[in-house]
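The residues making up each chain are set out below.
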Amino acid sequence: MSEKPIVYLFWFAHEHLDFRRAEINSILEMYNINIQINAQKDYPYWLVTATSEDAIKKVANRAVSLRFCLELWASSEKLQDLHNGLRLYPLEKIRKHITKDKSFKVSIETFCKHFSQAEKIKKIESFSYLPLEGPVKLKNPDTTLCYIEFYGLKPNNIPDEPYMYFFGRLVANGQRELIQKLSLKNRNFIGNTSMDAQLSIIMANQANVKSSDLVLDPFVGSGSLLVAAAYFGGYTLGTDIDFLMLHGRTRPTRITQKVRGKDDSIIANMNQYELTSYHLDVLVSDFSRPMWHSNFRVDAIITDPPYGIRESTERIGTTKKNLIVDAKQMSVHIPSKINYELPQIFKDLLIFSARHLKLNGRLVCWFPFFRDQYSEDQLPSHPCLQILANCEQTLSNYTSRRLLTYVKIKEPEV
Ligand SMILES: C[S@@+](CC[C@H](N)C(=O)[O-])C[C@H]1O[C@@H](n2cnc3c(N)ncnc32)[C@H](O)[C@@H]1O
C-alpha cells in the first residue's frame, strides 16, 4: 500500500537563485525520487508533495541551496485562517511529535522584515492553544515547530501584513552548515581562482557525485572542486598544466601570507577535512594533449577551465616552424607554451568528456560570457552529450558565467 501524499515546505537561502531548481532536480534524479513541486520564480519557498519523509530527508541531506524543510501543518494568506487551519490539524498527528517526554521549541522566520526578540516571543505566544506539553529546549530539541511570515520580495516596498503565513514541523535542515565547514577562509591551501565552497558543493550535486564514484577535474588548480566531490564520497583525480600550482609554490594568495608553507598543497586540504583516503592524485599535464588510456572512464568531470582573466589560457606548443629538439637536449628541454583559445578548450573538453565519461556520467563546467553577447546556440555541444542545466552567475555588469551540466547519452563513434 502506498503512503498518503503529504505537503512539505522547502525554504531556500536567498542567493544563487538560478541554481536552485537545477540542484534539486539533480539530487532527485540521483536518488530516483519522485515529488511534485509547486514553485514561483524567485520565491524563497516551494510547496512540495511527497509520499515519504525519508525522501525529503535525503534531498535535504545533499542540497546546499536549501535551508530547511517543514511538514506543513497549515498555511494561509490570512493570519486568522492559519490559526483556524492549525486548530483543525489532527491531534493524533501532533501527538506523534509532541508529547510530555519530548522536548520542543517554536522558532520564527520572517522574510523581508525584521522583528525584535520581544515581538517574536509575542508571535510565538499566539500559538498557546496548541497542545505543547513537553519541556522547552532551545538547543537540539526533539521537535522543532516553525512559524513563518513572508513579506514579499521587495525590500523597498514591505507591506504591513505578510503575504503568506506558514506553520509546520521541521523535518530536516539543508546543508548550509557545510558552506562554513568547507569555507575557503579557513582552508590550508587556496589559489587566486579557488572556487568557493557553496558553488563547489552545487557542482558536486549537479554532477551526481556519489560514494565510490571516480571524479576528475582536468583544470584542477588548487583542487577546490575536488574537496566537495570527496566530501560526498567521490575518489578524486586532477590535472593542471601549472607545475608551481600543483606543488604549492605559486605566490601566496592571502595578502597576510608572505611565503607558501608546508600545508600549501591539495593533499593538505584533503587532510584538513579528513578526506585523504578519497584523494587519488593530481598530475601535471596539458589538457590539450590528454594522456589517458582510451579505456579510462570516470563517473563525473567537474571543472572550471581558465578564462584567461586571472590565470593564463595556455597549452604546450610553439610558433616556430619546424622546431626540432635533438635527442641530447630532450631530457632538459622545457617546452614553450602558446595561447589555448577558449573555444578550443571547450571543444577539447566536450570531446574528452564524450570519450572518457561512463554512460550517464556527467560533465559540470563553467562557461564565461559577455552578457550582451549571450545566446543559447553558442553553448558548446557534442552529439554524445545532452545539456541538462544551464545556470547563470553574474560576475559584473558586462560578464557572467554559466554552470553547464551535461550527461553522456551515448558512446562516440570510433
Ligand atoms: C580557473 S582555474 C581552476 C581553479 C580551480 N578550480 C581551483 O580550485 O583552484 C584554471 C586552471 O586551469 C589551468 N590550466 C590552464 N591551461 C591549462 C592546460 N592547457 N591544461 C591543464 N590545465 C590548464 C590553470 O593553471 C588553472 O589552474
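Conventions adopted
Residues numbered from 1 in each chain as written. Predicted model: local features only at pLDDT ≥ 70, side-chain atom pairs only at ≥ 80, totals over all residues. Heavy atoms only, no water. Helix = DSSP H or I, 4+ residues; strand = E, 2+ residues; numbered from the N terminus. Buried < 20%, exposed > 50% of the residue type's maximum accessible area, 1.4 Å probe, protein only. Areas by Shrake-Rupley, 256 points an atom, 1.4 Å probe, with all protein chains shown as cover. Lys, Arg positive; Asp, Glu negative; His and termini not counted. Charge placed at Lys NZ, Arg CZ, Asp CG, Glu CD. Polar contact = N/O pair within 3.5 Å; in protein donor to acceptor, adjacent residues only side chain to side chain. Contact = heavy atoms within 4.5 Å. Pairing = 2+ DSSP bridges. Axes fitted to C-alpha atoms, helices over the stretch in contact; angles between N-to-C directions. Phe/Tyr/Trp six-rings, centres within 6.5 Å; stacked < 30°, edge-to-face > 60°. Salt bridge = Lys/Arg side-chain N within 4 Å of Asp/Glu carboxyl O. Right-handed = clockwise from strand over helix to strand, strands pointing away. Domains from an automatic or database assignment. Buried area = accessible area lost by both parts, 1.4 Å probe. Nonpolar A, V, L, I, M, F, W, Y, C, P; charged D, E, K, R; others polar.

Along its length, the protein chain carries 12 helices and 16 strands. Seen along its three principal axes, the alpha-carbon backbone of the protein chain occupies a region of about 90 × 50 × 45 Å. Sorting the 414 residues of the protein chain into buried and exposed places 48% on the buried side. Summed over its atoms, the accessible surface of the protein chain is roughly 22,200 Å², and 50% of this surface lies on carbon and sulfur atoms. Charged side chains in the protein chain number 52 positive and 45 negative. The centres of these two groups are separated by 2 Å.

A separate point is the side chain of Asn208. Among the secondary structure elements, Asn208 is positioned in the loop between α7 (197-206) and β8 (214-217). On the basis of relative accessible area, Asn208 is assigned to the buried category, the value being 11%. Separated by 3.1 Å, the side chain of Asn208 and the backbone oxygen of Ser26 make a polar contact. Among residues more than four places away in sequence, those in contact with Asn208 are Ser26, Met30, Asp213 and Arg362.

Across the sheet, which stays open at both edges, the 7 strands sit in the order β10-β9-β8-β11-β14-β16-β15 with mixed pairing between neighbours. Only two strands of the sheet have a single neighbouring strand rather than two, namely β10 (279-284) and β15 (385-394). Ignoring strand direction, the axes of neighbouring strands in this sheet form an average angle of 15 degrees. Of the pairings in the sheet, the one linking β15 to strand β16 (residues 399-408) comprises 9 bridges and is antiparallel in character. Within the sheet, the bridge partner assigned to Asn390 lies in β16 and is Leu404.

Bringing unusual backbone geometry into the picture now. Trans peptide bonds make up most of the peptide bonds, and negative phi angles are found at most residues other than glycine. A positive phi is found at Asn32, a non-glycine position, where the angle reads about 55 degrees. For Asn32, the position within the fold is in the loop between α1 (20-31) and β2 (36-39). Of note, the phi angle at Asn140 is positive, near 45 degrees, even though the residue is not glycine. Residue position: Asn140 is located in the loop between α5 (117-125) and β6 (143-150). Since its relative accessible area comes to 63%, Asn140 is described here as exposed.

Bringing the packing of aromatic side chains into the picture now. Considering all chains together, one arrives at 27 aromatic pairs under this definition. Measuring from centroid to centroid gives 5.6 Å for Tyr231 and Phe232, while their planes differ by 80 degrees, and the two rings are edge-to-face. Residue Tyr231 is classed as partly exposed on the basis of its relative accessible area, which comes to 30%. Taking the relative accessible area as the measure of exposure, Phe232 reaches 12% and is therefore buried.

This part takes up the pattern of salt bridges. Evaluation of the coordinates by the stated rule reveals 19 salt bridges. As a salt-bridge pair, Lys337 and Glu314 come within 3.6 Å of each other at their nearest N and O atoms. On the criterion of sequence distance, the pair formed by Lys337 in strand β13 (residues 337-339) and Glu314 in strand β12 (residues 314-316) is long-range, its members being 23 residues apart. A network of salt bridges, in which partner residues are shared, links Glu53, Lys57, Glu71 and Arg169.

This paragraph deals with the pairing of strand β5 (residues 104-111). For β5, a buried count of 6 out of 8 residues is recorded, marking the element as mostly surrounded by other parts of the structure. One crossover worth recording links β5 to the parallel β6 by way of α5, and it is left-handed.

All right, on to the domain arrangement of the protein chain then. One can read the domain layout of the protein chain as domain 1 (6-174) and domain 2 (182-408). Centre-to-centre, using C-alpha coordinates, domain 1 lies 38 Å away from domain 2. Summed over both sides, the interface between domain 1 and domain 2 buries roughly 1,500 Å², with carbon and sulfur atoms accounting for 57% of that surface. Connecting domain 1 to domain 2 are 1 salt bridge. The interface formed by domain 1 and domain 2 holds 10 residue pairs in polar contact (both at pLDDT 80 or more) in total. Class assignment of the residues belonging to the side of domain 1 that touches domain 2 gives a composition of 6 nonpolar, 2 polar and 5 charged.

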